[in-house]
2 protein chains.
Amino acid sequence: MTVQKSVRILGIDPGSRVTGFGIIDVCGREHFYVASGCIKTPPNAPLAERIAVIARHIREIVQQYRPHQAAVEQVFVNVNPAATLMLGQARGAALAVLVMEGLPVFEYTALQVKQAVVGKGKAAKEQVQHMVVQMLSLSGTPQSDAADGLAIALTHALRNHGLAAQLGKGQMQVKRGRFQ
Amino acid sequence: MTVQKSVRILGIDPGSRVTGFGIIDVCGREHFYVASGCIKTPPNAPLAERIAVIARHIREIVQQYRPHQAAVEQVFVNVNPAATLMLGQARGAALAVLVMEGLPVFEYTALQVKQAVVGKGKAAKEQVQHMVVQMLSLSGTPQSDAADGLAIALTHALRNHGLAAQLGKGQMQVKRGRFQ
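Predicted model, so just to flag it, every value in this text is computed and none were measured.

What counts and what doesn't
Residues numbered from 1 in each chain as written. Chains lettered and ligands numbered in written order. Predicted model: local features only at pLDDT ≥ 70, side-chain atom pairs only at ≥ 80, totals over all residues. Heavy atoms only, no water. Helix = DSSP H or I, 4+ residues; strand = E, 2+ residues; numbered from the N terminus. Buried < 20%, exposed > 50% of the residue type's maximum accessible area, 1.4 Å probe, protein only. Contact = heavy atoms within 4.5 Å. Areas by Shrake-Rupley, 256 points an atom, 1.4 Å probe, with all protein chains shown as cover. Buried area = accessible area lost by both parts, 1.4 Å probe. Salt bridge = Lys/Arg side-chain N within 4 Å of Asp/Glu carboxyl O. Polar contact = N/O pair within 3.5 Å; in protein donor to acceptor, adjacent residues only side chain to side chain. Pairing = 2+ DSSP bridges. UniProt positions renumbered as here; feature names shortened; annotations may be inferred. Axes fitted to C-alpha atoms, helices over the stretch in contact; angles between N-to-C directions.

(A) Structural context of the overall build of chain A. When helices and strands are counted, chain A shows six helices and five strands. Going through the 180 residues of chain A one by one, you find that 54% of them count as buried. Long-range contacts, defined here as pairs at least 24 residues apart, represent 59% of the contacts in chain A between residues at least 6 apart. Accessible surface, chain A as shown: approximately 8200 Å² in total, 49% of it carbon and sulfur.

If you want it as structure tokens, here you go:
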């Protein structure tokens, strides 16, 4: 008898104002929707408070859903340096909480997400959302940031077939998008 | 009989490569050195790993020294956008860990640190270091990033006389450098 293990992945799309997240279960080559949503930071609050909102919510999500692995979108410099700084801080906060909660963290670029989910790097945002709905058999289209979170989780699943088999192999290394 | 309460402050100067920290005890208007040092991140490691190094070390420092409050230097955009992004992520990680550990976090600009420690906003880095040595009666000059961490902790102490008296007054709000 073969017992198929299920792997739970938390995908995170960090943003300076909204951080999207999506959780899926991967069982063999099948993907199942678990949860998704977005964390909105109060725009006029002091920075430490905004970071606190992101950090606390991600910890709550991890403690509630107990994912095995996390996939986080890589961010790039913005034309606005102040926005780049804030985006960096939001992303750093998310990564720190994931690491503190003991999750292996994988990183993917937007290009990798589009290639994995739609099949081409130049896909429009709507195409990514459409594929997320199809692949997870959702009854409606999730909010844009939540869909991005789910897309990153799906990217991790699609690029690493046989995730479950690797779960028992001790400590996995943090590395851009691939197991070591 | 008056019992003088002591307040322990952790000062942090986030950097993309080196994060400096300094811990002082404040008792009335007296300041005592507790510890200082710097956290160096492996420059060629994947970003998530560098963030993990910062986050784990700050958690260790908090758990070992049990500070009551944290003061973190505000960072500004760099001419190099990629460096700005990395600096933001390092700072976001530090803030997230402090918040997760339940510490009230205060933020100060480099200008505020120079004004508080040296008395003028245009002070040179060496003057700040000199004053840190004087104010904490150190026998030698600490490493530059460690001195910056101590300077931020001192800034918080100097700008908030009577810290100890305020400790018992319930939850303090996070706000730029001032109790609410």
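Picking up where we left off.
(B) Geometry of the interface of chain A and chain B. Each partner contributes residues to the interface: chain A has 31 residues there, and chain B has 30 residues. Carbon and sulfur atoms make up 73% of the surface buried where chain A meets chain B, a total of about 2600 Å² over both sides. Area buried by chain A at its contact with chain B is led by Ala48(A), Leu85(A) and Met100(A), which between them contribute 22% of it. For the interface between chain A and chain B, the tally reads zero salt bridges. At the boundary of chain A and chain B, one finds six residue pairs in polar contact (both at pLDDT 80 or more).

(C) Focus on the pairing of strand β3 (residues 30–40) of chain B. Residue and element names in this part refer to chain B. Judged from the ten bridges that link them, strand β2 (residues 18–27) and β3 form a sheet pairing that is antiparallel. Among the inter-strand pairings, Gly-20 is bridged to a residue of β3, identified as Cys-38. Counted along the chain from β2 to the antiparallel partner β3, the turn is two residues long, and its residue Gly-28 has a positive phi close to 60°.

(D) Summary view of the UniProt feature "binding site: Mg(2+) 2" (unreviewed entry) in chain A. All names here are of chain A. Annotation from UniProt places "binding site: Mg(2+) 2" (unreviewed entry) at Glu-73. Note on placement: Glu-73 falls in strand β4 (residues 69–73). Judged by relative accessible area, Glu-73 falls into the buried class, the value being 14%.

(E) Local environment of the sheet that holds strand β1 (residues 6–13) of chain A. Residue and element names in this part refer to chain A. Ordered by their spatial adjacency, five strands build an open sheet running β3-β2-β1-β4-β5, and the pairing between neighbours is mixed. At either end of the open sheet lies a strand with only one pairing partner, and these are β3 (30–40) and β5 (105–108). When the angles between neighbouring strand axes are averaged without regard to direction, this sheet yields 20°. Sheet topology places β4 next to β5; four bridges connect them, and they run parallel. Residue pairing for β5: Val-72 is matched across the bridge by Glu-107. Against the sheet, helix α3 (residues 110–117) engages β4 and β5, with an angle of about 85° to β5.

(F) Representation of the sheet that holds β3(B) within the structure. Residues and elements named next belong to chain B. The sheet built from five strands is open, its strands ordered β3-β2-β1-β4-β5 with mixed pairing. What marks the edges here is a single partner per strand, and that holds for β3 and β5 (105–108). Averaged over neighbouring strand pairs, the angle between their axes works out to 20° when direction is ignored. Against the sheet, helix α3 (residues 110–117) engages β4 (69–73) and β5, with an angle of about 85° to β5. Each of β1 (6–13), β2, β3, β4 and β5 is contacted by helix α5 (residues 144–159), which is oriented at about 40° to β2, the strand it contacts most.

(G) Unusual backbone geometry, seen in detail. Although it is not a glycine, Ser137(A) sits at a positive phi angle of roughly 50°. Counting through the fold element by element, Ser137(A) comes out in the loop between α4 (125–135) and α5 (144–159). Here Arg66(B), not a glycine, exhibits a phi torsion of approximately 50°, which is positive. Among the secondary structure elements, Arg66(B) is positioned in the loop between α1 (47–65) and β4. Judged by its relative accessible area of 55%, Arg66(B) falls in the exposed class.

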